[in-house]
Amino acid sequence: MSAQLTEAVHEHRVLPGMKVSEDEVSEIFGVGRTVVRQALQTLAHEGLLRIERNRGAFVAKPSVKDAREVFEARALLEPRTARAAAERTTETDMALLEGHIEQEHAALAAGETGRALKLSGLFHAEIARIANQATIEAFIKQLVSRSSLVIALYWQRRSAICESHAHHALLDALRRQDGDAAEDLMKGHLLDLLSQLDLRQLPDQAPSLREALKR
């Protein structure tokens, strides 16, 4: 259930600020409230929910300051990680990354912007895994996860979540095992993503929780 709730947040079916009722989640998934409470605590630990005393759980709603900090932190960590990944990339790794890009394009073609966003984040997380730096990988995965909330609130061009040419260029650098290029490309890519945040934009209206969790 934690995985399903996380996916719903990443795919923007459950939006920032939405109340996540224990009773409603229990009814939707057919599980007890203790199980639901544990799942909500897991998402809160990951920064995807906030739990307020006497009010319940809500999808986290990043402030403008939070939004800047998330992408600035990614711009600090991920370029060096991309360099490290370039030095270790195998043919198996390349096949996995190519698969992520293909699935991302298919999702965009199908109009599934939220799914494309999730796959884009997995592409970045996979590069962190390849770098074999476990502590930094954990930080990057959390930042990528929080980025989904930021994008739900502040993104200007939802049809261009991660420009395809940026991921293809990164893939080429990794294939050549060119650490310098991978680092520079990742830095430029993340700064470009930061520039696409509209920090004046108001959040979308959220659907009901039941509608959001339907598959």
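Within each chain, residues carry numbers counting from 1 in the order of the written sequence. Totals for whole chains, interfaces and linings use every residue, but because this is a predicted model, local features are given only for residues with pLDDT of at least 70 and side-chain atom pairs only at 80 or more, for both listing and counting. For the side-chain quantities, the full set of heavy atoms in the structure was used; hydrogens and water were omitted.

**Q** Can you help me understand the nonpolar core in this one?
**A** The biggest cluster of nonpolar side chains holds 33 residues, and the ones touching the most others in it are F71, L97, F123, I127, V150, L174 and L197. For this core, the element with the most residues is helix α4 (residues 64–86), which contributes 8 residues. Throughout, a contact is declared for two residues whenever any of their heavy atoms are within 4.5 Å. If sequence neighbours within four positions are ignored, L174 has contacts with A82, A85, A86, T89, M94, L97, I127 and A182. We call a set of buried Ala, Val, Leu, Ile, Met, Phe, Trp, Tyr and Cys residues a nonpolar core when their side-chain atoms join them within 4.5 Å. Think of it in three bands: with a 1.4 Å probe and only protein chains considered, a residue is buried below 20% of the maximum accessible area for its type, exposed above 50%, and partly exposed in between. To qualify as a helix, a DSSP run of H or I must reach at least 4 residues; to qualify as a strand, a run of E must reach at least 2; elements of each kind are numbered from the N terminus.

**Q** Sorry, what's going on with the environment of R146 here?
**A** You can see R146 is positioned in helix α7 (residues 134–154). With 137 residues separating them in the primary sequence, R146 and V9 have C-alpha atoms 9.7 Å apart. If we skip the residues at most four places from it in the chain, R146 touches E46 and V70.

**Q** So what exactly am I meant to see when it comes to the sheet that holds strand β3 (residues 56–59) here?
**A** When DSSP locates at least two bridges between a pair of strands, those strands are taken to pair. Ordered by their spatial adjacency, 3 strands build an open sheet running β1-β3-β2, and the pairing between neighbours is antiparallel. Two strands lie at the open edges of the sheet, namely β1 (19–20) and β2 (49–52), each paired on one side alone. Pairing between β2 and β3: 4 bridges, direction antiparallel. Bridging across to β3, I51 finds its partner in A57.

**Q** Explain the side chain of D93 to me, please; I cannot follow it from the model alone.
**A** Note on placement: D93 falls in helix α5 (residues 91–109). Using a relative accessible area of 9% as the deciding quantity, one classes D93 as buried. Under the rule applied, a polar contact is a pair of N or O atoms within 3.5 Å (in protein, one hydrogen donor and one hydrogen acceptor; residues adjacent in sequence only if both atoms are side-chain atoms). Looking at D93, its side chain comes within polar contact range of the main-chain nitrogen of T90, at 3.1 Å. The contacts of D93, once residues within four sequence positions are left out, are R88, R129 and I130.

**Q** Is there a simple way to explain helix α6 (residues 113–130) in this structure?
**A** Its 18 residues give α6 an end-to-end C-alpha distance of 26 Å, which sits within 8% of 26 Å, the value for a rise of 1.5 Å per residue. Taking burial as the measure, the 18 residues of α6 include 14 buried ones, the bulk of the element. Looking one or two places after α6, you find N132, whose phi comes out positive at around 60°. To estimate the expected span of a helix, count its residues, drop one, and scale the result by 1.5 Å.

**Q** Is there a simple way to think about the pattern of salt bridges in this case?
**A** Two side chains with opposite charge may pair up if their charged atoms get near one another. Just to be clear on terms, a salt bridge is a Lys or Arg side-chain nitrogen sitting within 4 Å of an Asp or Glu carboxyl oxygen. Tallied over the full model, the rule gives 20 salt bridges. Measuring nitrogen to oxygen at the nearest pair gives 2.9 Å for the salt bridge that ties E22 to R33. Of this pair, E22 sits in helix α2 (residues 22–29) while R33 sits in helix α3 (residues 33–45), and the two are 11 residues apart along the sequence. Here R33 falls in the partly exposed class, since its relative accessible area comes to 42%. Linked through salt bridges whose partners overlap, the residues forming this network are E7, E11, R13 and K118.

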